[in-house]
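In case you want the letters, here they are:
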Amino acid sequence: MARTSNKSASAQQQPTTKKRPFPWGGVITGVVVVGGIAALLIFDSPPPGVEFPSQGNFHLATAEQPHEPYNSSPPSSGPHLGLLANWGVHEEAIPPELFVHNLEDGGIVIAYDCPDGCPDFSGSLTEFVDDTGGRLVLTPYSGIEHEGVSYQGAAAAWGRVFYFDDLSSSNLSELRTFIRLFEGIDHHAR
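Bear in mind that the values here come from a model prediction, so they are computed numbers and not experimental data.

Engineer: Hey, could you go over the state of the cysteines for me, with residue numbers and the actual values?
Structural biologist: Following the criterion strictly, the structure yields one disulfide and no others. Residue pairing for Cys114: its cysteine sulfur links by disulfide to Cys118, the two sulfurs lying 1.7 Å apart. When the S-S torsion is 80°, as for the bridge of Cys114 with Cys118, the disulfide is right-handed. Take Cys114 and Cys118: they sit in the same class, and that class is buried.

Below, the structure is given as structure tokens:
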């Protein structure tokens, strides 16, 4: 007796395997993304300023209390009073033990060193701080230097200092970038 099949002719055909096309779109997208990241890492300039290791958040009872020397000039972290200097322009020098707390609270301290006077420079800095606003302190500061080189001005944030000698357009641009990157970051110990 012969067997008959109930399966249709189409079901008896061998299934055909469709070749999938190579995913060139995904490969190209991956290459573009990786290349873009590499270009950013290679060509993106580092943030302005010099980075300094944090010296901690120890609070002093008085500005005269002995403490370890600061590792940057002007200071960018370390022992400080529990009070804040008023934000804005100061004509009299603020002790670093006071303004370091402003840095801890996310502020930027802009200091200038003009032993023989520099009314144009300090006036331009005053105008810059008044126009910029925010958490900025401007103060005279004696002895702005890094690696044996003296500077007329510096902007300090927690753990970073940007040094400059004039307010050229490139320095002003870097100063604005410095403020944009580092202002408002809280550095209180958790």
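Engineer: Go over the side chain of His146 with me, naming the residues and quoting the values.
Structural biologist: Topologically, His146 is positioned in strand E7 (residues 145-146). Discounting chain neighbours no more than four positions away, the residues touching His146 are Val50, Phe52, Tyr151 and Tyr163.

Engineer: Before we move on, could you go through the pattern of salt bridges and cite the residues and values that matter?
Structural biologist: In the structure shown here, the tally under the stated rule is one salt bridge. With a closest N to O distance of 3.8 Å, Glu51 and Arg160 form a salt bridge. Of this pair, Glu51 sits in strand E1 (residues 50-51) while Arg160 sits in strand E10 (residues 160-164), and the two are 109 residues apart along the sequence. Residue Glu51 is classed as exposed on the basis of its relative accessible area, which comes to 62%. For Arg160, a relative accessible area of 10% translates into the label buried.

Definitions and limits used
- Residues numbered from 1 in each chain as written.
- Predicted model: local features only at pLDDT ≥ 70, side-chain atom pairs only at ≥ 80, totals over all residues.
- Heavy atoms only, no water.
- Disulfide = S-S within 2.5 Å.
- Buried < 20%, exposed > 50% of the residue type's maximum accessible area, 1.4 Å probe, protein only.
- Helix = DSSP H or I, 4+ residues; strand = E, 2+ residues; numbered from the N terminus.
- Contact = heavy atoms within 4.5 Å.
- Salt bridge = Lys/Arg side-chain N within 4 Å of Asp/Glu carboxyl O.

Note that all results are geometric; they support no functional claim without further evidence.
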